[in-house]
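Each chain, written out:
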Amino acid sequence: MRWWASLAGLLLAAPALAAPDCRVLLDNMDTLIGEYYVAGEQAIEKDDPPVALDKARKLALKGDAEATVTMIGVAAALRGRKAPPTVAMIRQVCTFSTKNQHPLHAVSCAYFNALNPIGEREVKRQAAMAAVARFDEIAKAGTVPERYQAHIEALKTCLPEN
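What comes next is a walk through the structure.

Rules behind the numbers
Residues numbered from 1 in each chain as written. Predicted model: local features only at pLDDT ≥ 70, side-chain atom pairs only at ≥ 80, totals over all residues. Heavy atoms only, no water. Helix = DSSP H or I, 4+ residues; strand = E, 2+ residues; numbered from the N terminus. Expected span 1.5 Å × (residues − 1). Contact = heavy atoms within 4.5 Å. Polar contact = N/O pair within 3.5 Å; in protein donor to acceptor, adjacent residues only side chain to side chain. Core = buried A, V, L, I, M, F, W, Y, C linked by side-chain atoms within 4.5 Å. Buried < 20%, exposed > 50% of the residue type's maximum accessible area, 1.4 Å probe, protein only. Disulfide = S-S within 2.5 Å.

### Remarks on helix 4 (residues 65–79)
Each α-helix winds once per 3.6 residues, and so residues spaced three or four apart point in a common direction. In a regular helix each residue adds 1.5 Å, so 15 residues correspond to 21 Å; helix 4 covers 22 Å between its end C-alpha atoms and thus fits that length. In this structure, the buried side of helix 4 is in contact with helix 2 (24–46), helix 3 (49–61), helix 5 (87–99) and helix 6 (103–114). Where helix 4 begins, one side-chain oxygen reaches toward the backbone nitrogen of Glu66, 3.0 Å away; that side chain belongs to Asp64.

As structure tokens, this is what we get:
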């Protein structure tokens, strides 16, 4: 069972989200998280986890934005694919989305905020929209992969107005 299945009811219960197309957000989130897992799994196939994490951390400190995906992915892969993202992972993703402008981090942060079942709806919406705005700035500065653009467009369409 997917970790966010309980979020489906919350997400789809909002009147603005009644469109069936918004159900894709849950699968989109799984796909995005999967990118972190894959990067982590690939790193630990080459090296023991502490070595893989150390290598990714050193590259990240040198400014390699892709290494931050691996860094998050190593920890995620060690927990297992079916484990939900931890608060630490969510914080890392959202922090990196502001620091290194990696489009995966920005779109993932937007999804984490939009699909968060805890907290005030408007506060979560504002946080999601801030992450969407970061993504849009990243897209203006350079080319982002189409898959991320498609994810962000789906999220924009499905976010409630208020």
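### Overview of the nonpolar core
Tyr36, Met89, Val93, Val107, Tyr111, Phe135 and Leu155 are the most contacted members of the largest nonpolar core, which totals 40 residues. Secondary-structure elements contributing two or more residues to this core are helix 2, helix 3, helix 4, helix 5, helix 6, helix 7 (121–141) and helix 8 (146–158). The dominant element in this core, judged by the number of residues it contributes, is helix 2, at eight residues. What Tyr111 contacts, discounting residues up to four positions off in sequence, is Leu25, Asn28, Met29, Leu32, His151, Ala154 and Leu155.

### Some thoughts on the state of the cysteines
Under the counting rule described, the total for this entry stands at two disulfides. Disulfide partner of Cys22: Cys158, at an S-S distance of 2.1 Å. Taking the torsion about the sulfur-sulfur bond, which here is approximately -100°, the covalent link between Cys22 and Cys158 counts as left-handed. Highlighted residues: Cys22 in the loop between helix 1 (5–13) and helix 2 and Cys158 in helix 8, separated in sequence by 136 residues. Both residues of the pair, Cys22 and Cys158, count as buried. The disulfide partner of Cys94 is Cys109, and the gap between their sulfur atoms is 2.1 Å. Here the S-S torsion is close to 110°, and the disulfide linking Cys94 with Cys109 is therefore right-handed. Residue Cys94 is located in helix 5, and its partner Cys109 is located in helix 6; the two are separated by 15 residues in the primary sequence. Cys109 matches Cys94 in its accessibility class, with the two residues each being buried. Regarding the disulfides, the protein carries the connectivity 1-4, 2-3 under sequence-order numbering of its bonded cysteines.

Nothing here speaks to function; it is geometry throughout.
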